[in-house]
Amino acid sequence: MDNTDTYLLNFKGYHFERSMVDVNLFENLDDFEIRDDDVFIITYPKSGTIWTQQILSLIYFEDHRYRTKHVDTIDRAPFLEYNLRNVDFLSRPSPRIFTTHMPYYLVPKGLKKTKAKIIYIYRNPKDVLTSFYHFSNFIVTLESSGDTESFMTRFLDGKVVGSVWFDHIRGWYEHRHDFNILFMMYEEMKKDLRSSVCKISSFFEKELSEEDIDAIVKQATFKNMKSDPQANYNHVVKNEVGTKNSDGCFLRKGTIGDWKHLLTVDQSERFDKIFQRKMKDIPLKFIWDINEE
Ligand SMILES: Nc1ncnc2c1ncn2[C@@H]1O[C@H](COP(=O)(O)OS(=O)(=O)O)[C@@H](OP(=O)(O)O)[C@H]1O
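The rules behind each value
- Residues numbered from 1 in each chain as written.
- Predicted model: local features only at pLDDT ≥ 70, side-chain atom pairs only at ≥ 80, totals over all residues.
- Heavy atoms only, no water.
- Near = heavy atom within 4 Å.
- Polar contact = N/O pair within 3.5 Å; in protein donor to acceptor, adjacent residues only side chain to side chain.
- 1 Å grid on protein atoms, 1.4 Å probe; cavity = no way out; pocket = protein on both sides within 12 Å on 5 of 7 lines; lining within 4 Å.
- Sits in = over half its atoms within 2 Å of the grid points.
- Nonpolar A, V, L, I, M, F, W, Y, C, P; charged D, E, K, R; others polar.
- Helix = DSSP H or I, 4+ residues; strand = E, 2+ residues; numbered from the N terminus.
- Buried < 20%, exposed > 50% of the residue type's maximum accessible area, 1.4 Å probe, protein only.
- Contact = heavy atoms within 4.5 Å.
- Axes fitted to C-alpha atoms, helices over the stretch in contact; angles between N-to-C directions.
- Parallel < 35°, antiparallel > 145°, perpendicular 65-115°, else oblique.
- Left-handed = near helix turned anticlockwise from the far one by under 90°.

Inspection of the region around the ligand gives 21 residues, with T49, S131, Y186, K253 and G254 positioned closest. Within the contact set of the ligand, an oxygen atom lies 2.9 Å away from a side-chain nitrogen or oxygen of R252. Put simply, the ligand lies in the largest pocket. Taken together, the residues that form the shell around the ligand break down as ten nonpolar, seven polar and four charged.

Quick look at the structure:
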């Protein structure tokens, strides 16, 4: 049975999470006012979004970096389309950090050709699929995954939040010159968090001391985020979204190559063929294995 419409809301060819999306936003998207110092974190789901929310808010705000102010990560960089806590975006002081999973053609028009900056995080899609598979069995607002084969078909067909992974990354990559955008790879952040923090802060023109960088790296490791109630989203998923069971969590494994525990050799090879065909003209680097350079 196709449950697409139960869980997903199609707007202009893109799938939003039906029960959480703020549909009022659709009417105002084009005119949503962008400030020069706004920052957007843009990702396809399960690619390192909350990790980047954590890193950027620590880079931007000393209060968070040194924990003199206690604010959940979700409130430091709220989702534009999933405004769970009804933040009044207009009255937020600058600089505002936003998060979105939207494709290039749906984001506010004011983001084009402005000074506002975007960081686009991408992750190898076999790990994205794997993370999504587990998350779908955990969160009540998503259709359960079913067996791996049917989930892989659903993922490749784009019948998931975020639609087709290949379209998302291609759209953003091909239109990169219209935006002020930095592409970062999840795996690069995983392999060298410190250098990644430096690269990100330099793109955002934030000067940081060695002590600042130490404080950011420390709080952005998987281990620290998992045990930090402000950063681990446990409260959000359990009390504000809803879960299907008690053994899942947002910060699940945070590794590279977990797809090997989910996909069969045959499924992986079929995925590779599709990837090679669809991505042959996109020169972004991908890392599929923790031991890969
Ligand atoms: N600090 C840190 N280091 C490494 N990995 C991390 C970190 N924080 C989050 N994660 C992993 O990111 C995955 C969740 O992705 P998203 O945050 O994009 O999810 S969502 O789209 O906002 O639902 C999910 O991946 P999986 O563990 O593979 O499921 C998280 O564990």
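Now that the structure has been shown, the text picks up again.
Here we come to the side chain of Q230. With respect to the helices, strands and loops of the structure, Q230 is situated in the loop between helix 12 (222–227) and helix 13 (234–241). Among the residues examined, Q230 registers a relative accessible area of 12% and is labelled buried. A distance of 3.4 Å separates a polar side-chain atom of Q230 from the backbone nitrogen of V71. Sequence-distant contacts of Q230, defined by excluding residues within four places in its chain, comprise R67, K69, H70, V71, D72, T73 and R76.

This part covers the environment of I213. When you line up the elements, I213 lands in helix 11 (residues 210–220). On the basis of relative accessible area, I213 is assigned to the buried category, the value being 6%. With 79 residues separating them in the primary sequence, I213 and H134 have C-alpha atoms 32 Å apart. Residues in contact with I213, not counting those within four places in the same chain, are R194, V197, C198 and L208.

Next up on the list: the packing of helix 3 (residues 49–60) against helix 11. Contact geometry for helix 3 and helix 11: axes closest at 10 Å, N-to-C directions at 160°. With respect to helix 11, the axis of helix 3 lies roughly antiparallel. Between helix 3 and helix 11 the crossing geometry is right-handed. On helix 11, the residues touching W51, Q54, I55, L58 and I59 of helix 3 are I216, Q219 and A220. Of the residues that constitute the contact of helix 3 with helix 11, the class distribution is six nonpolar, two polar and no charged.

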